[in-house]
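Residue strings, one per chain:
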Amino acid sequence: MNAFLQAITIGIPQGALYGLMGFGIAMIFRSAGTLNFSHGYSAMVSVLITLTTIEWFFDAGIVEGHAALFAAIPVGLISGAVFGVLIDLLLMRRVKHVSPASMLMITLGLLLVFEGTANLVWSPDYESFPRILPGPPFIFEGTGALEEIRVVFRRNDLAVMLIALVISLSLAAVMKYTKIGLAIRARGQDPVGAQAVGINTNRVDSIVWGLALLLATVVGILVAPITRVHPTMLMNTQLLGITAAVLGGFSSLFGAVWGGLMIGVLERVIDIFPALDGYETAIIFFLIILVLVFKPQGIFAPKQGRKA
Amino acid sequence: MLEVADLRVSYGPIHAVNGISFTVGEGEIVSILGANGAGKTSTLFGIMGIVRSRGSVKFRGEELRRRSPTEPTSKGMVLCPENRRIFPGLTVEENLRLGTFVRGEFKETAEQAYSLFPILKERNRQIAGSLSGGEQQMLAVGRALVANPEVLLLDEPSLGLAPVIVDEMFRVLADLRKKMAVLLIEQNAVKALSISDRAYVLQNGSIVHSGEAGAMLRDDNLRKAYLGM
Ligand SMILES: Nc1ncnc2c1ncn2[C@@H]1O[C@H](COP(=O)(O)OP(=O)(O)OP(=O)(O)O)[C@@H](O)[C@H]1O
Ligand SMILES: [Mg+2]
């Protein structure tokens with residue numbers, strides 16, 4: 001019981017990050033039409049940029065202590081958005097009419113470019129990264145009948161959860177109520193239809209790439225204190241983000257968020273059983289295969305009408 | 001109203017449209033006829049800025065830059081694309097609302113679409129992907145109409161429809177004449193000519209014949225040579 005509660009406490013914030021990663025991946029997949037294998041790697045470079053900016057602020061003596069982190073975060077986020085827009089303008093726009101396979105190859109190439117850049121310009125070493133909310137963990141202890149309950153809640157996870165919640169809600173509002181959200185959804189449903197109502201789909205694609213990689217950078221900054229900063233720091237998060245998107249069914253963006261939460265909790269719950277130790281990823285992927293076979297639209301997919 | 005001169009569209013080495021010129025006047029219905037692969041859709045895509053094209057497209061005397069469909073659409077040239085291209089996961093009403101994305105006031109223009117196609121009002125809340133093919137085509141035309149077009153560009157609105165529905169569709173189109181100019185792309189030449197003022201015949205990306213619709217309908221040689229009837 002206690003182990004289970006503890007698993008959920010750690011799993012939810014972790015899963016929220018997979019979910020946000022998956023949201024961006026699903027957004028690019030639906031709108032721009034490719035699976036972005038470089039998603040976590042460009043975010044990793046943005047995290048390195050953030051870290052360098054923090055150090056630079058320290059050295060220059062401009063901002064002191066923890067404030068340097070908050071001063072550097074906008075720089076990192078902007079770099080994420082800029083990477084996204086540049087990838088779209090310089091690479092994807094040229095090949096998107098050619099074939100989906102060429103876009104996929106480009107994202108694989110970018111993965112290597114980002115990883116190589118990190119190794120060359122920075123270093124393959126593990127660097128530590130400051131937490132948003134530093135300090136000792138919260139410990140909840142039960143009394144009376146619940147005496148055996150003792151759940152540890154990492155302080156930084158509070159920030160992670162709040163940020164993930166605020167971002168999810170704002171994304172939901174943007175997608176539902178703003179013109180750009182409407183354009184993104186229309187573009188994902190039918191690109192020619194979107195153009196027929198006057199939407200500039202090229203511009204929508206740039207916005208989607210920029211937004212998705214900005215989001216990935218947020219995830220990168222939030223996981224960095226745990227994974228530390230190194231070239232493959234987001235490999236696992238990206239893989240599970242893709243998985244979250246598959247689980248949610250690429251058809252609904254918020255399915256990815258729910259999928260991520262499920263994976264995050266599942267990962268920790270499997271951890272409880274010593275016999276299954278080390279098999280977390282294998283079990284999760286086995287479940288994914290089951291989902292793909294029995295519910296290929298994703299478990300949260302709305303009932304689809306017949307295709308036009 | 002719409003003047004196209006020397007329009008060219010290529011996809012890499014493939015030349016789909018080889019410098020065609022035509023006009024659509026105020027209140028006119030003009031047809032472009034031609035076989036599969038003649039370049040009809042490419043012509044419309046070029047005019048609307050959906051694919052890159054060379055040549056000149058003037059709307060009300062003003063040269064269009066055609067960098068994206070936003071510019072022609074907001075000026076009043078509205079496309080109803082081939083194969084319907086509705087948004088299958090959205091409801092009928094959401095589809096129609098999207099029709100006013102850059103032009104048109106939904107509250108004012110929706111009534112017109114609903115009165116032309118009453119089924120759309122009945123099915124307002126239904127997911128568009130679950131409509132029948134004919135209903136989807138009506139939705140596609142309705143979505144173009146809510147943008148309050150000055151020139152409506154229709155790409156094969158009768159494609160894949162049962163004969164009864166085709167007749168109904170053409171009746172609606174003929175009625176539009178009083179309100180807007182129409183550039184109609186069709187393979188169903190007899191139907192198209194019967195509601196058109198003028199027509200052009202497109203073959204391998206070039207205009208091989210043009211004239212007054214009634215005369216073309218009566219010209220046996222032309223019908224045999226180009227329209228396969
Ligand atoms: N995206 C594309 N890439 C390469 N070639 C294309 C592309 N779109 C069209 N074409 C080619 O351009 C030519 C004209 O195509 P288009 O779609 O304009 O013909 P169409 O007259 O509309 O035919 P249909 O009646 O079948 O719709 C064809 O040979 C087609 O194969
Ligand atoms: Mg066509």
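Bear in mind the structure is a predicted one, so any value in this text is a computation, not a measurement.

> Before we go on, may I ask you to explain the overall build of chain B in this structure?
If you tally the helices and strands in chain B, you get ten helices and ten strands. Whereas a compact globule of 229 residues would reach a radius of gyration of roughly 17 Å, chain B reaches 17 Å, a difference of no more than 12%. Considered along the principal axes of its C-alpha atoms, chain B spans approximately 45 × 40 × 35 Å. Taking all 229 residues of chain B together, the buried fraction comes to 55%. For chain B, contacts bridging at least 24 residues in sequence account for 66% of all contacts bridging at least 6.

> Got a minute to help me understand the interface of chain A and chain B in this structure?
Between chain A and chain B, the residue contacts involve 20 residues of the former and 26 residues of the latter. Here chain A meets chain B over a buried area of about 2,100 Å², counting both sides, of which 62% is carbon and sulfur. If you look at where chain A meets chain B, you find one salt bridge. Between Arg 85 of chain B and Asp 190 of chain A there is a salt bridge, with the nearest N and O atoms lying 3.3 Å from each other. The set of elements that each furnish at least two residues to the side of chain A that touches chain B consists of helix H6 (179-189) and helix H7 (191-196) of chain A. No other element matches the six residues that H6 of chain A contributes to the side of chain A that touches chain B. Residue classes in the side of chain A that touches chain B are distributed as nine nonpolar, six polar and five charged.

> For this particular structure, what's the right way to read a nonpolar patch on the surface?
All names here are of chain A. On the surface, Ile 78, Val 82, Leu 86, Leu 89, Leu 90 and Leu 91 cluster together to form a nonpolar patch covering roughly 490 Å² of accessible area. Within the fold, Val 82 resides in helix H3 (residues 67-95). Residue Val 82 is classed as partly exposed on the basis of its relative accessible area of 40%.

> How should I be thinking about unusual backbone geometry in this particular structure?
Most peptide bonds are trans, and most residues other than glycine sit at a negative phi. All names here are of chain B. A positive phi angle, near 50 degrees, is found at Arg 85, a position not held by glycine. By the secondary structure assignment, Arg 85 is in the loop between strand E6 (77-80) and helix H3 (92-98). You will see that Glu 156, though not glycine, has its phi angle at about 45 degrees, which is positive. In this fold, Glu 156 is placed in the loop between strand E7 (151-155) and helix H7 (163-176).

> Could you clarify how one ought to interpret the site of ligand 1 in this entry?
All names here are of chain B. Around ligand 1, the surrounding shell holds 14 residues, and the nearest of these are Asn 36, Lys 40, Thr 41, Ser 42 and Glu 82. Within the contact set of ligand 1, an oxygen atom lies 2.8 Å away from a side-chain nitrogen or oxygen of Asn 36. At 3.2 Å, a backbone N or O of Ala 38 approaches an oxygen atom of ligand 1. Relative to its unbound accessible surface of 630 Å², ligand 1 loses 62% to contact with the protein.

> Would you take a moment to explain the pattern of salt bridges for this structure?
Once the charged atoms of two side chains with opposite charge are near each other, the side chains can pair. All names here are of chain B. The tally for this structure, following the rule as stated, stands at 22 salt bridges over all chains. Where Arg 60 meets Glu 26, a salt bridge forms, and the shortest distance between an N and an O atom there is 3.6 Å. With a gap of 34 residues between them, Arg 60 in the loop between strand E4 (54-59) and strand E5 (62-63) and Glu 26 in the loop between strand E2 (14-24) and strand E3 (29-33) connect regions that are remote in the sequence. Each of Glu 26, Arg 60, Arg 103 and Glu 150 takes part in one network of salt bridges that share partners.

> Would you explain helix H9 (residues 235-248) of chain A in this entry?
Count 3.6 residues to each turn of an α-helix, and residues three or four apart come out pointing the same way. All names here are of chain A. For H9, spanning 14 residues, the distance from its first C-alpha to its last is 20 Å, which sits close to the expected 20 Å at 1.5 Å a residue. Within H9, eleven of the 14 residues are buried, leaving the element largely enclosed by the surrounding structure. Those residues of H9 that fall on the buried side of the exposure criterion are Thr 237, Gln 238, Leu 240, Gly 241, Ile 242, Thr 243, Ala 244, Ala 245, Val 246, Leu 247 and Gly 248. On its buried face, H9 sits against helix H1 (2-32), helix H2 (39-60), helix H8 (201-227), helix H10 (253-272) and helix H11 (280-294). Count one or two residues on from H9 and you reach Gly 249, which has phi positive near 75 degrees.

> Quick question: what am I supposed to make of the coordination of the magnesium ion (ligand 2) here?
The protein atoms donating to the magnesium ion (ligand 2) are Thr 41 of chain B (OG1) and Glu 82 of chain B (OE), with metal-donor distances spanning 1.9 to 2.5 Å. With a gap of 41 residues between them, Thr 41 of chain B in helix H1 (residues 40-48) and Glu 82 of chain B in the loop between E6 and H3 connect regions that are remote in the sequence.

> What is the right way to read the packing of aromatic side chains from this model?
Each aromatic ring pair is specified by the distance between its two centres and by the angle formed by the two planes. Under the definition given, this model contains five aromatic pairs over all chains. Where Phe 83 of chain A meets Phe 114 of chain A, the ring centres are 5.5 Å apart and the plane angle is 65 degrees; that geometry is what we call edge-to-face. In this pair, Phe 83 of chain A is assigned in helix H3 and Phe 114 of chain A in helix H4 (residues 100-121), connecting sequence segments 31 residues apart. Here the basic side chain of Arg 143 of chain B rests over the ring of Phe 87 of chain B, its NZ or CZ set 5.0 Å away from the ring centre.

> Would you mind showing me how to read the sheet that holds E5 of chain B here?
Pairing between the strands of a sheet comes from backbone hydrogen bonds, and it takes one of two forms, parallel or antiparallel. Residues and elements named next belong to chain B. With antiparallel pairing, four strands are arranged side by side in an open sheet as E2-E1-E4-E5. Strand pairing shows two members of the sheet lacking a second neighbour, E2 and E5, which therefore form its edges. Pairing of strand E1 (residues 2-11) with E2, which is carried by eight bridges, proceeds in the antiparallel orientation. Note on E2: the bridge partner recorded for Leu 2 is Val 24.

> Whenever I open this one, the nonpolar core confuses me. Can you help?
Within the largest apolar cluster, 83 residues are counted, with the highest numbers of intra-cluster contacts made by Met 44, Phe 129, Ile 199, Val 229 and Met 233 of chain A. Sorting elements by how many residues they give to this core places H8 of chain A first, with 13 residues. Discounting chain neighbours no more than four positions away, the residues touching Phe 129 of chain A are Val 47, Thr 50, Leu 51, Ile 54, Leu 69, Ile 221, Ala 224, Pro 225 and Val 229 of chain A. In terms of nonpolar packing, the next biggest core, distinct from the first, is built from 45 residues, Leu 116, Leu 193, Ile 195 and Val 201 of chain B among them.

> Even after reading the chapter, I still don't get the pairing of E7 of chain B, so can you show me in this structure?
The side chains of a regular strand alternate, first on one face of the sheet and then on the other. Residues and elements named next belong to chain B. Extensive coverage of E7 is indicated by the burial of five of its five residues. Every second residue of E7 is oriented toward a common face, with Val 151, Leu 153 and Asp 155 on one face and Leu 152 and Leu 154 on the other, all of them buried. Where E6 meets E7, four bridges bridge the pair, whose relative direction is parallel. Paired with Leu 79 across the two strands is Leu 153, which belongs to E7. Pairing analysis gives five bridges linking E7 to strand E8 (residues 181-186), with the strands arranged parallel.

Quick notes on the rules
- Residues numbered from 1 in each chain as written.
- Chains lettered and ligands numbered in written order.
- Predicted model: local features only at pLDDT ≥ 70, side-chain atom pairs only at ≥ 80, totals over all residues.
- Heavy atoms only, no water.
- Helix = DSSP H or I, 4+ residues; strand = E, 2+ residues; numbered from the N terminus.
- Rg over C-alpha atoms; globule rule 2.2 N^0.38 Å.
- Buried < 20%, exposed > 50% of the residue type's maximum accessible area, 1.4 Å probe, protein only.
- Contact = heavy atoms within 4.5 Å.
- Buried area = accessible area lost by both parts, 1.4 Å probe.
- Salt bridge = Lys/Arg side-chain N within 4 Å of Asp/Glu carboxyl O.
- Nonpolar A, V, L, I, M, F, W, Y, C, P; charged D, E, K, R; others polar.
- Patch = residues over 30% accessible without salt bridge, like charges linked within 9 Å, V, L, I, M, F, W, Y side chains within 5 Å.
- Areas by Shrake-Rupley, 256 points an atom, 1.4 Å probe, with all protein chains shown as cover.
- Near = heavy atom within 4 Å.
- Polar contact = N/O pair within 3.5 Å; in protein donor to acceptor, adjacent residues only side chain to side chain.
- Expected span 1.5 Å × (residues − 1).
- Donors = N, O, S within 2.8 Å, 3.2 Å for Na, K, Ca; no water.
- Phe/Tyr/Trp six-rings, centres within 6.5 Å; stacked < 30°, edge-to-face > 60°.
- Lys NZ or Arg CZ within 6 Å of the ring centre and 35° of its normal.
- Pairing = 2+ DSSP bridges.
- Core = buried A, V, L, I, M, F, W, Y, C linked by side-chain atoms within 4.5 Å.

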